[in-house]
Each structure stands twice: as C-alpha cells, then as structure tokens.
Amino acid sequence: MTEKTFGPFELQKAYSTEPVPDDFVLRRRISTAMRTLSERVIRAEVDQATLQHWAEQLEAVVATVGEPERRDSKQANRKLFTGAATIEDLYHMMDFDPVSGGANPIAPQVTWVQEGQEGVEGTLRLGQQYQGPPGRVHGGVIAWILDAVLSRALHAAFRLGVTGTLNIRYLAGTPIEDTITCRARITGQEGRKIFIEGSIWHGDQQTVHAEGVWLTPKSLG
Ligand SMILES: CCCCCCCC/C=C\CCCCCCCC(=O)SCCNC(=O)CCNC(=O)[C@H](O)C(C)(C)COP(=O)(O)OP(=O)(O)OC[C@H]1O[C@@H](n2cnc3c(N)ncnc32)[C@H](O)[C@@H]1OP(=O)(O)O
C-alpha cells in the first residue's frame, strides 16, 4: 500500500483528522512531561536536598538524551508544496510549532475552537513560568502568542506570509493560571501586504488588542 500524501490545502484537515503517528504520541508525552515539570518547579518551596536531588536527576536525563541528529525541516516544507508530504512530514511541520505544537516542550497549548477563512479562536491557560508582574502574563509572552495566533488566521485562510509589523496594545492585565481566549482575523489586503487583527480576552474583558501586517513572499505574491 502506498502511503497517503498531502499538499498545502490539505494540511490543516489532515493534521486534525489523521491518526497521530506513533513517534509523535511519544514526542507529545515527553513534551507534556517537560511542560508540567517547568510549571511545577517554578517557585517551588522545597529544601536544598530536594533541589540537589532534582538537579542530579534532570542532569542524568539530559546526559541520556545526548545530542541526537536532527531531521532537516526544510525538506518537509518542500514536499508539502509538491503535494508529496506524508502525515509524518505534516507532524514535523505543525507539532513542533513554538505556540500550540504538541511536541514542543516550550509551546503553550492552545485548544482551537474555531479555525476558518473568517478567523481563528482558541483557549489557553498560562502557568507560573509565563508570569511577568505578579499574577499576570509577561507582555513579551503575550506578543509571542499573538504573533502565532495572527499567523494562524493567515494559514486558516490558506495564505502564507511572514510577520512584517506587529503592534500590541495592552489594555488590562492578562491573568496567569486561568483560561483566556485568543482571537484573530484578516481585515484587509493591499498587494502582498495582508492586514490581520487579534485580541486576548479574560471572560468578557478584552485585555490585549493586536494588529499587524504580514507579507506574502515575493515568489508567491
Ligand atoms: C496554503 C497555506 C497552508 C498553511 C501552511 C502552513 C504551514 C506552516 C506551518 C508551520 C509554520 C508556522 C510558522 C509561523 C510563523 C509565525 C510568524 C513569524 O514568526 S514570521 C518570522 C518573523 N518575521 C520575519 O522574519 C520577517 C523578516 N522581514 C522580511 O523578511 C522582510 O523585511 C519582509 C518580507 C517583511 C518585507 O520585505 P520585502 O522585500 O518583501 O518588502 P518590500 O518589497 O520592500 O515592501 C513591500 C511592501 O510591504 C511594505 N513593508 C515592507 N516591510 C514591512 C514591514 N516590516 N512591515 C510592514 N510593511 C512592510 C513596504 O512598505 C511595501 O509596501 P508598499 O507596496 O510600498 O505599499
């Protein structure tokens, strides 16, 4: 049996409907454990001996992992554009994303509740490791997440581009350790420039507004 392959317009559907490849089941488990660990060790009130024990155990894990070879991520991209990407290639493109990628240990996990031409919406919860002012999400972390959410709106409309400009207006503190909602949608286009706006909400309160310009690569525009 020949393996199923996908092109750019099938990427999102395949990523959400095809079974998770076996290695990604394990990569996700590793990342979940690492994310949980990051959150739990921050500001942990424990004694010196416990810290010493944790440090040694974690250093042993790092030594076990060593410095493995890495797969060339450009290859998967090229295959996507010729319609030859396998489900494994799709996971290599999507699952290591630094925002919401299940196999990336530093990626805040977003639950996407809406993804389409008209925009995207997701919910997430940021832990202690993302704190800036006490009880609030760090402003740089907010910019990082919104860059990804606005980019997601671009991809959900089957378009490609890089962030040219991203303006963020912090309207109110965004709480850590509580569910927040992020939204984004395309608002316009002028040639290769695509205008996107987004927001973060805590319940009914909007805490952040973002707007930016994405540039479609010259080769595609
Ligand atoms: C079919 C879809 C399927 C979906 C597939 C998804 C698969 C992907 C999966 C997973 C990947 C996830 C990836 C997430 C990515 C997240 C986002 C990022 O992090 S992107 C990285 C950060 N950004 C950069 O690194 C850009 C660096 N800058 C540049 O490369 C250039 O400066 C660039 C391209 C932005 C502009 O360069 P020029 O040479 O193209 O621009 P010129 O031709 O001079 O200008 C064209 C027009 O744009 C304006 N412009 C130029 N730069 C601008 C800027 N920075 N901001 C606003 N406008 C700008 C100019 O004023 C001009 O406008 P006038 O035509 O005159 O009206």
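Everything discussed here concerns the structure shown above.
Keep in mind it's a predicted model, so treat the numbers as computed, not measured.

(A) The packing of aromatic side chains, seen in detail. Scanning all chains against the criterion turns up 5 aromatic pairs. For the ring pair F9 and F158, a centre distance of 5.5 Å and an interplane angle of 65° mean the geometry is edge-to-face. Of this pair, F9 sits in the segment before helix 1 (11-17) while F158 is found in the loop between helix 6 (139-156) and strand 3 (162-170), placing the two residues 149 residues apart along the sequence. In this structure F9 comes out as exposed when scored by relative accessible area, which is 60%.

(B) Quick peek at the side chain of T216. Relative to the helices and strands, T216 is located in the segment after strand 6 (205-215). A distance of 3.3 Å separates a polar atom in the side chain of T216 from the backbone oxygen of L160.

(C) View of the nonpolar core. One finds L124, L126, L146, L150, I196 and I200 to be the most contacted residues of the largest nonpolar core, which totals 28 residues. Among the secondary structure elements, those contributing two or more residues to this core are strand 2 (119-125), helix 6, strand 4 (179-190), strand 5 (193-202) and strand 6. Broken down by element, this core gets its largest block of residues, 9 residues, from helix 6. What L124 contacts, discounting residues up to four positions off in sequence, is P108, Q109, V110, I145, D178, T179, I180 and C182.

Definitions and limits used
Residues numbered from 1 in each chain as written. Predicted model: local features only at pLDDT ≥ 70, side-chain atom pairs only at ≥ 80, totals over all residues. Heavy atoms only, no water. Phe/Tyr/Trp six-rings, centres within 6.5 Å; stacked < 30°, edge-to-face > 60°. Helix = DSSP H or I, 4+ residues; strand = E, 2+ residues; numbered from the N terminus. Buried < 20%, exposed > 50% of the residue type's maximum accessible area, 1.4 Å probe, protein only. Polar contact = N/O pair within 3.5 Å; in protein donor to acceptor, adjacent residues only side chain to side chain. Core = buried A, V, L, I, M, F, W, Y, C linked by side-chain atoms within 4.5 Å. Contact = heavy atoms within 4.5 Å.

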